[in-house]
Amino acid sequence: MNFTAPESLIFWTTLIFIIFFFLLKKYAWKPILGAVKGREEAINNALESAENAKKEMQNVTADSERLLKEARAEREAMLREARDIKDKIVADAKEQSKVEGDKIIAQAQATIESEKKAAVADIKNQVANLSVEIAEKVIKEQLSNKDKQLKLVEDMLGDIKLN
Amino acid sequence: MMIAQKSIKLITVLVFSLFPLFAAAEKDSEGQSDDKEFDASELINSHIGDSHEFHIADWNGHPISFYLPVILWTDNGLTFFSSEKFHHDNKGQHVVEANGQEFVRYNEVIFYKNKFEKLSEEEKGAFNFDARPLDFSITKLVFSMLMASIILFLLFLAVAKSYKKNDKAPKGIAGFLEPLVVFVRDDIAIPNIGEKKYAKYMPYLLTIFFFIWINNVIGLIPFFPFSSNLTGNIFFTFVLSVITFLITTFSGNKDYWSHVFAPPVPKALYPIMIPIEIIGLITKPFALMIRLFANITAGHIIILSLISLIFIFKSIFIAPISGVFVLFMSILEMLVAVLQAYVFTLLSALYIGQAVAEHDHH
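Residues numbered from 1 in each chain as written. Chains lettered and ligands numbered in written order. Predicted model: local features only at pLDDT ≥ 70, side-chain atom pairs only at ≥ 80, totals over all residues. Heavy atoms only, no water.

A few words on empty space enclosed by the protein. Residue and element names in this part refer to chain B. Evaluated as defined, the whole model comprises 1 cavity of 30 Å³ or more. What the largest cavity holds in volume is close to 40 Å³. For the largest cavity, the full set of lining residues is T244, F245, T248, Y256, L281, K284, P285 and Y351. Looking at the lining of the largest cavity, the elements with two or more residues in it are helix 7 (234–251) and helix 9 (270–313). (1 Å grid on protein atoms, 1.4 Å probe; cavity = no way out; pocket = protein on both sides within 12 Å on 5 of 7 lines; lining within 4 Å. Points joined across faces, edges and corners; volume = space filled by probe spheres on them. Helix = DSSP H or I, 4+ residues; strand = E, 2+ residues; numbered from the N terminus.)

This paragraph deals with unusual backbone geometry. Negative phi values dominate among residues other than glycine, just as trans dominates among peptide bonds. All names here are of chain B. Note that the residue after F224, namely P225, is joined by a cis bond; omega there is 0 degrees. As for its position among the elements, P225 is in the loop between helix 6 (198–220) and helix 7. Even without being a glycine, E108 presents a positive backbone phi close to 65 degrees. Assignment of secondary structure puts E108 in the loop between strand 6 (101–106) and strand 7 (109–112).

On to the pattern of salt bridges. By the definition in use, this model includes 11 salt bridges over all chains. One salt bridge in this structure joins A:E40 and B:R185, with 2.6 Å as the shortest N-O distance. One end of the pair, A:E40, is in helix 1 (residues 6–142); the other, B:R185, is in helix 5 (residues 173–193), on a second chain. Measuring nitrogen to oxygen at the nearest pair gives 3.0 Å for the salt bridge that ties B:R185 to B:D186. Residues joined in a network through salt bridges with shared partners are A:E40, B:R185 and B:D186. (Salt bridge = Lys/Arg side-chain N within 4 Å of Asp/Glu carboxyl O.)

Residue and element names in this part refer to chain B. Two elements in contact, helix 8 (residues 254–261) and helix 9, have axes whose closest approach is 7 Å; the angle formed by their N-to-C orientations is 125 degrees. Comparing the axis directions of helix 8 and helix 9 gives the class oblique. For the pair helix 8 and helix 9, the contacting residues are Y256, W257, H259, V260 and F261 in the first and Y270, I274, E277, I278, L281 and K284 in the second. Taken together, the residues of the contact of helix 8 with helix 9 break down into 8 nonpolar, 1 polar and 2 charged. (Axes fitted to C-alpha atoms, helices over the stretch in contact; angles between N-to-C directions. Parallel < 35°, antiparallel > 145°, perpendicular 65-115°, else oblique. Contact = heavy atoms within 4.5 Å. Nonpolar A, V, L, I, M, F, W, Y, C, P; charged D, E, K, R; others polar.)

In terms of nonpolar packing, the biggest core is built from 73 residues, with A:W29, A:I32, B:F156 and B:F210 touching the most fellow members. Counting residues per element, the ones that place at least two in this core are helix 1 of chain A together with helix 4 (140–165), helix 5, helix 6, helix 7, helix 9 and helix 10 (318–356) of chain B. Sort the elements by how many residues they give to this core and helix 6 of chain B lands first, with 13 residues. Those residues in contact with A:I32 that sit more than four places away from it in its chain are B:F156, B:V159, B:A160, B:Y163 and B:V181. Core analysis: the second largest hydrophobic core is formed by 9 residues, B:L72, B:F86, B:F103 and B:Y112 among them. (Core = buried A, V, L, I, M, F, W, Y, C linked by side-chain atoms within 4.5 Å. Buried < 20%, exposed > 50% of the residue type's maximum accessible area, 1.4 Å probe, protein only.)

Residues and elements named next belong to chain B. Of the residues in chain B, 89% have a pLDDT of 70 or more, and the chain-wide mean is 83. Ignoring residues within four places in sequence, the model shows residues 18–34, a span with pLDDT below 50, making 11 contacts including any to other chains. Quick note on the complex model: pTM equals 0.73, ipTM equals 0.82. (pLDDT = per-residue confidence, 0-100.)

Another point: the sheet that holds strand 7 of chain B. Residues and elements named next belong to chain B. An order of 5-6-7 is seen for the 3 strands of this open sheet, with the pairing classed as antiparallel. Unpaired on one side and paired on the other, strand 5 (96–98) and strand 7 mark the two borders of the sheet. Shown here is a sheet whose adjacent strand axes are inclined to one another by a mean of 40 degrees, direction ignored. Looking at chain direction, strand 5 and strand 6 are connected through 3 bridges and run antiparallel. (Pairing = 2+ DSSP bridges.)

Moving on to the side chain of B:R132. Assignment of secondary structure puts B:R132 in the loop between helix 3 (113–116) and strand 8 (134–135). Note on B:R132: relative accessible area 3%, which makes it buried. For B:R132, the side chain forms a polar contact with the side chain of A:E7, separated by 2.9 Å. For B:R132, the side chain forms a polar contact with the main-chain oxygen of B:A126, separated by 2.7 Å. Excluding its chain neighbours within four sequence positions, the residues that come into contact with B:R132 are A:A5, A:P6, A:E7, B:V109, B:I110, B:F111, B:Y112 and B:A126. (Polar contact = N/O pair within 3.5 Å; in protein donor to acceptor, adjacent residues only side chain to side chain.)

Residues and elements named next belong to chain B. As paired strands, strand 1 (residues 53–59) and strand 2 (residues 62–67) are joined by 6 bridges and run antiparallel to one another. Of the residues in strand 2, the one forming a bridge with F54 is F66. Hairpin connection of strand 1 to strand 2: 2 residues between the antiparallel strands, including N60 at a positive phi of 55 degrees.

Turning our eyes to something else, we now look at the packing of aromatic side chains. One pass over the full model with this rule turns up 29 aromatic pairs over all chains. Between A:F21 and A:F22, the ring centres sit 5.0 Å apart and the planes meet at 70 degrees, which makes this aromatic pair edge-to-face. Here A:F21 falls in the buried class, since its relative accessible area comes to 14%. Between the aromatic rings of B:F111 and B:F116, the centroid separation amounts to 5.2 Å while the plane-to-plane angle is 40 degrees, which identifies the pairing as tilted. The exposure class assigned to B:F111 is buried, which follows from its relative accessible area of 0%. Through pairs of rings, three or more aromatic residues link up here, namely A:F17, A:F20, A:F21, A:F22, B:Y204, B:F211 and B:F236. Directly above the ring of B:Y106 sits B:K124, whose terminal nitrogen or CZ lies 5.1 Å from the centroid. The ring of B:F54 carries the charged tip of B:K140 above its face, separated from the ring centre by 5.4 Å. (Phe/Tyr/Trp six-rings, centres within 6.5 Å; stacked < 30°, edge-to-face > 60°. Lys NZ or Arg CZ within 6 Å of the ring centre and 35° of its normal.)

With that settled, the discussion passes to helix 9 of chain B. Residues and elements named next belong to chain B. Helix length check: helix 9 (44 residues) gives 60 Å between terminal C-alpha atoms against 64 Å at 1.5 Å per residue, within 8%. Helix geometry: helix 9 is bent most strongly at I307, by close to 30 degrees. Just downstream of helix 9, K314 is the residue with a positive phi angle, here 50 degrees. (Expected span 1.5 Å × (residues − 1). Bend = angle between axes of the 7 residues up to and from the residue.)

So, about the interface of chain A and chain B. Where interface size is quoted, it is often the accessible area lost as the parts come together. On the side of chain B, 61 residues touch chain A, which itself brings 31 residues to the contact. The junction of chain A with chain B conceals about 4000 Å² of combined surface from both sides, 78% of it contributed by carbon and sulfur atoms. Connecting chain A to chain B are 3 salt bridges. Joining chain A to chain B, the criterion identifies 10 residue pairs in polar contact (both at pLDDT 80 or more). Here the residues of the side of chain A that touches chain B sort into 22 nonpolar, 5 polar and 4 charged. (Buried area = accessible area lost by both parts, 1.4 Å probe.)

In structure tokens:
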């Protein structure tokens, strides 16, 4: 190998390399690396926002599903409540009518009872008056002669003995 | 379609394997006229080394070259002249006069003529700074490096500009180069240096990765203005590894230096441990320098040796075999080109990562 003047190649290599390095650094590597990095960031951002959008979509879907479920539950509850109210009203009405009926019946019975009592009392009075009148008439007739009076006393005494 | 593809492949292989055949035939006729013994080591050395002119081809025995400027720091100040003035002489015979001084060239090293004549054969080396002016010539490798830098700069400038118009997915040249940039970031810088600190070293790592890669590939293209063995030159790899070493050294945090100067061993061992740690600092860039240089130079030597086989055996029947092997080696070297660029960048990132790492204190 020809070792042609080492200083020549060392000098020129150093000079050319350093100039070349700084030129490339300023005009090539900086813009290239910047562009590559910028694009990578842009891609990452795009991916991230896509991911976020997907998550948001999932949230929206979940929300609407939740709302639907809630609405359904509410409808169910309302229906149940209505049914309960209806049952209650019916039951109440039944009970009230029964109470009312009972009351009417009781009143009627009471009235009947009092009427009956009044009637019985009236009948008793009339019967008593009639009995007294009859008894008066009978006694008047029976005590019109002496024999009959004596017989009566004897009968009565006989009755007493029997007792 | 499949058959067509296969036959195209076959034809390509045949044409490539026959190329050396024609070359051999030409060279043979030249060899007879020159009556010169073929020297494979000289051929290989001149191909993997540096030179003051860019040899393109030989035409009728005359070399055609692209002449590069010679810049010398002499006793009389800076001196410029074209390498054409040496008239392809590399044996120290043709004298060039410039700026009132006389120069000769011997094995691509330029000497003062008067001092050169007194030198013995061993003293005529590139490290004999007494007998030669300092040489800051734009040599073949410097030319190649400039060209590579300009190509890369324009390429990445185009990529950078394309982002201004297009902020969506990259297309065209950016679509091809961006994955490589992202690869250096995600597979070299971040795992070795760490998420927090890698950004500061990204420009350096990207620069060395693409710079080494393109120079490796340029070295594999076997014609002008490519074919120079820049990354297989130890001075080039020396400069790159020194830069990595400097970055590592100046990035080193407290933990890094305390590991060097106050290693977690008994104090009695410090006289042994501290020198070892300091040697350890230097061996890392040294390994970087040798690894790249040796890998690339070895690849070039193998390809050149396979081609030289034809001339050593002086038989055109070797040519197809050589051709197939050269084709195979060239494809392998394409892989090595990117692999070595990757390894250099990876190890640089690893060393920087060690220097900036935050250790948990046990």
